[in-house]
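Structural overview
So you can see what is in the structure, the chains are spelled out below.
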Amino acid sequence: MSQSISTVAFIGLGVMGYPMAGHLARAGLSVRVYNRTAAKAEAWAAEHGGSHHPTPEEAARGAELVLVCVGNDDDVRQVTTGEQGALSGMTEGSLLVDHTTASAELALELDAACRDRGIGFLDAPVSGGQQGAENGALTIMCGGDEATFARAEPVLAHYGRAVTLMGAAGSGQLTKMVNQICIAGLVQGLAEGLHFAEQAGLDQQRVVDVISKGAAGSWQMENRHATMIADEYDHGFAVDWMRKDLGICLEQARHLQARLPVTALVDQFYADVQVMGGGRWDTSSLLRRLRALQQR
């Protein structure tokens with residue numbers, strides 16, 4: 001098989017997968033897509049000129065590389081090893097890359113299933129959100145062997161600003177857990193800072209203009225402060241998905257005997273946001289929780 005990949009399948013066309021697959025089509029690759037809601041797959045094919053298929057198995061048939069971006073562990077299993085899953089349509093020598101943020105245990109499970117079939121595997125969760133997917137500027141953290149990574153990396157680079165092999169299978173998911181652990185504390189800190197500034201009668205925008213130039217600056221501050229000040233929370237990764245991710249982090253931490261007290265606390269704050277009806281608000285909605293508490 002040629003080392004240069006020309007035909008790919010993309011399984012899962014949500015807010016991330018839809019634009020990611022679009023970058024591949026615009027790069028000139030032949031893209032075969034599957035989505036649980038068929039209408040979205042049809043719309044993608046009409047927009048980008050690829051082909052849509054009724055099952056993951058059929059989408060994967062003939063593809064040298066199959067990319068998956070769905071919701072959780074069970075969803076991944078359904079579209080890969082389940083009935084009419086992608087692995088049923090894949091041939092020896094092809095590659096499977098899972099972009100879903102899932103457990104490291106699942107990554108090891110898929111790696112074993114792929115090895116049994118002579119298929120290369122990478123767990124490759126992404127960071128950067130919908131904006132990063134649309135702009136082709138995602139950070140992609142990969143777990144797997146070097147040969148598989150070397151073949152897949154040129155394709156992933158079409159929507160990844162930084163594509164890095166972190167180690168053996170499961171390492172990508174473990175790295176993504178570190179990413180989410182760090183984000184949780186940062187967003188809570190930003191929410192508390194903006195809330196404090198508001199209660200102190202300071203101009204919040206002017207405060208951010210000053211402190212963002214120093215040690216307090218972060219991606220979250222740069223990209224989320226304005227919408228947080230405006231109390232708008234439909235600009236990024238949803239609270240429901242963050243709680244799913246933090247649940248994975250906390251379960252893995254128990255297994256590793258790692259201590260994550262701040263992460264566990266912020267997870268409960270997000271549970272409060274869900275009770276407020278904010279499951280689909282973006283993760284910066286921690287500020288709305290603080291404002292609500294102030295009004296009691």
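Located above this text is the structure these notes cover.
Criteria and cut-off values
Residues numbered from 1 in each chain as written. Predicted model: local features only at pLDDT ≥ 70, side-chain atom pairs only at ≥ 80, totals over all residues. Heavy atoms only, no water. Helix = DSSP H or I, 4+ residues; strand = E, 2+ residues; numbered from the N terminus. Buried < 20%, exposed > 50% of the residue type's maximum accessible area, 1.4 Å probe, protein only. Contact = heavy atoms within 4.5 Å. Areas by Shrake-Rupley, 256 points an atom, 1.4 Å probe, with all protein chains shown as cover. Phe/Tyr/Trp six-rings, centres within 6.5 Å; stacked < 30°, edge-to-face > 60°. Lys NZ or Arg CZ within 6 Å of the ring centre and 35° of its normal. Salt bridge = Lys/Arg side-chain N within 4 Å of Asp/Glu carboxyl O. 1 Å grid on protein atoms, 1.4 Å probe; cavity = no way out; pocket = protein on both sides within 12 Å on 5 of 7 lines; lining within 4 Å. Points joined across faces, edges and corners; volume = space filled by probe spheres on them. Pairing = 2+ DSSP bridges. Right-handed = clockwise from strand over helix to strand, strands pointing away.

Some thoughts on the overall build of the protein
Each helix and strand counted, the protein has 14 helices and nine strands in total. Counting only C-alpha atoms and orienting by the principal axes, one finds that the protein spans roughly 65 × 45 × 35 Å. Looking at the protein residue by residue over its 296 residues, the buried ones come to 51%. Within the protein, contacts between residues separated by at least 24 positions form 66% of all contacts whose residues are at least 6 apart in sequence. When the accessible surface of the protein is split by element, carbon and sulfur atoms take 51% of a total near 13600 Å².

With respect to the packing of aromatic side chains
Applying the stated rule across the entire model yields zero aromatic pairs. A cation sits over an aromatic face here: Arg288 above Trp281, 4.4 Å from the ring centre.

A closer look at helix α1 (residues 17-26)
Among the ten residues in α1, nine count as buried, and that is most of the element. Gly17, Tyr18, Pro19, Met20, Ala21, Gly22, His23, Leu24 and Ala25 are the residues of α1 that are buried. Just past α1, the residue Gly28 takes up positive phi, approximately 95 degrees.

Overview of the side chain of His195
As for its position among the elements, His195 is in helix α9 (residues 171-199). If we skip the residues at most four places from it in the chain, His195 touches Leu287, Leu290, Arg291 and Gln294.

Side note on the pattern of salt bridges
Within the structure shown, the criterion is met by twelve salt bridges. Between Arg291 and Glu198 there is a salt bridge; the shortest N-O distance is 3.2 Å. Placement of the pair is Arg291 in helix α14 (residues 286-295) and Glu198 in helix α9, with a sequence separation of 93 residues. A relative accessible area of 32% means that Glu198 is categorised as partly exposed. A salt bridge links Asp231 to Arg291; the nearest nitrogen and oxygen atoms lie 3.3 Å apart.

Considering the side chain of Asp267
Mapped onto the fold, Asp267 is located in helix α13 (residues 261-275). Leaving out residues up to four positions away in the same chain, Asp267 has contacts with Arg243, Leu246 and Leu250.

Here's the deal with the layout of surface pockets
In this approach a probe as big as a water molecule rolls over the atoms, and the regions it shows empty are the leftover space. Roughly 170 Å³ of volume is contained in the second largest pocket. In terms of lining, the second largest pocket is formed by Ser103, Ala104, Glu105, Met177, Ile248, Glu251, Gln252 and His255. Elements with a minimum of two residues in the lining of the second largest pocket: α6 (104-116) and α12 (239-256). Top contributing element to the lining of the second largest pocket by residue count: α12, with four residues.

A word on the pairing of strand β9 (residues 160-167)
Judged from the six bridges that link them, strand β8 (residues 138-143) and β9 form a sheet pairing that is parallel. Looking at the pairing, Met141 lines up with Thr164 of β9. In this fold, β8 hands off to helix α8 (residues 146-156), which returns the chain to β9; that crossover is right-handed.

So, the pairing of strand β4 (residues 65-68)
Both faces of β4 are covered, namely the face carrying Leu65 and Leu67 and the face carrying Val66 and Val68. As paired elements, strand β1 (residues 7-11) and β4 share four bridges and run parallel to each other. By the bridge assignment, Val8 is partnered in β4 with Leu65. One ladder, built from four bridges, connects β4 with strand β5 (residues 95-98); its direction is parallel. Each bridged residue has a counterpart across the sheet, and for Val68 the counterpart in β5 is Asp98.

Details of unusual backbone geometry
Despite not being glycine, Asp231 has its phi angle at roughly 60 degrees, a positive value. Its location among the elements puts Asp231 in the loop between α11 (219-229) and α12. In this structure, Gln257 takes a positive phi of about 60 degrees despite not being glycine. Here Gln257 lies in the loop between α12 and α13.

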